[in-house]
Amino acid sequence: MLNTRTSAYLRDNYNELSDFCRSRMEPVFITRDGQEDLAVMNIEAYRKNHARYELYSLIDQGLKELENGEGTDFDEFMEEFWKETE
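Let us look at the structure shown here. The structure presented is a predicted model; accordingly, all values stated were derived computationally and were not measured. (Residues numbered from 1 in each chain as written. Predicted model: local features only at pLDDT ≥ 70, side-chain atom pairs only at ≥ 80, totals over all residues. Heavy atoms only, no water.)

### What to know about unusual backbone geometry
Of note in this structure, M25 is not a glycine but carries a positive phi near 55°. One can find M25 in the loop between α2 (14-24) and β2 (28-32). Of the residues examined, M25 reaches a relative accessible area of 32% and is grouped as partly exposed. We note that D33 has phi near 55°; this positive angle belongs to a residue other than glycine. Looking at the secondary structure, you find D33 in the loop between β2 and β3 (35-40). (Helix = DSSP H or I, 4+ residues; strand = E, 2+ residues; numbered from the N terminus. Buried < 20%, exposed > 50% of the residue type's maximum accessible area, 1.4 Å probe, protein only.)

This is the structure:
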């Protein structure tokens, strides 16, 4: 369920909004003049989402490299890795 509040609510109830974001680990959408304007979230939730985004970006980059004949596939990498650790 989307949690939406007005910018006036944010201004007048910051601590309550902060507690909500921290306890639920989900964003609150802030409206301005009746239009969605911002998404506010707990910093821990933001960092987790950002780390997930970075991981997906790296996976996508690796898949594109393999499609272009670049890089090393997993089995080749592991074979080389184990040779180096012996």
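### Quick word on the packing of aromatic side chains
Taken as a whole and judged by the stated rule, the model has two aromatic pairs. With a centroid separation of 6.3 Å and 20° between ring planes, the pair formed by F77 and F81 is classed as stacked. In this pair, F77 and F81 are both assigned in helix α4 (residues 74-85), four residues apart and thus about one turn of the helix distant. Residue F81 is classed as partly exposed on the basis of its relative accessible area of 34%. Ring geometry for F81 versus W82: centroids 5.1 Å apart, planes at 75°, classification edge-to-face. Through pairs of rings, three or more aromatic residues link up here, namely F77, F81 and W82. (Phe/Tyr/Trp six-rings, centres within 6.5 Å; stacked < 30°, edge-to-face > 60°.)

### Re the side chain of N42
By secondary structure assignment, the location of N42 is in the loop between β3 and α3 (43-67). The exposure class assigned to N42 is buried, which follows from its relative accessible area of 10%. A distance of 2.6 Å separates a polar atom in the side chain of N42 from the backbone nitrogen of E44. Once residues lying within four places of it in the same chain are set aside, the contact partners of N42 are C21, R22 and M25. (Polar contact = N/O pair within 3.5 Å; in protein donor to acceptor, adjacent residues only side chain to side chain. Contact = heavy atoms within 4.5 Å.)

### A word on the pattern of salt bridges
Counted according to the given criterion, the structure contains six salt bridges. In this structure, the salt-bridge partner of D12 is R11, at a minimum N-O distance of 3.2 Å. Between K83 and E79 there is a salt bridge, with the nearest N and O atoms lying 3.6 Å from each other. Of this pair, K83 and E79 both sit in helix α4, four residues apart, which is roughly one turn of that helix. Overall, K83 belongs to the partly exposed group, its relative accessible area being 48%. Three or more residues are tied together by salt bridges with common partners; here these are E79, E80 and K83. (Salt bridge = Lys/Arg side-chain N within 4 Å of Asp/Glu carboxyl O.)

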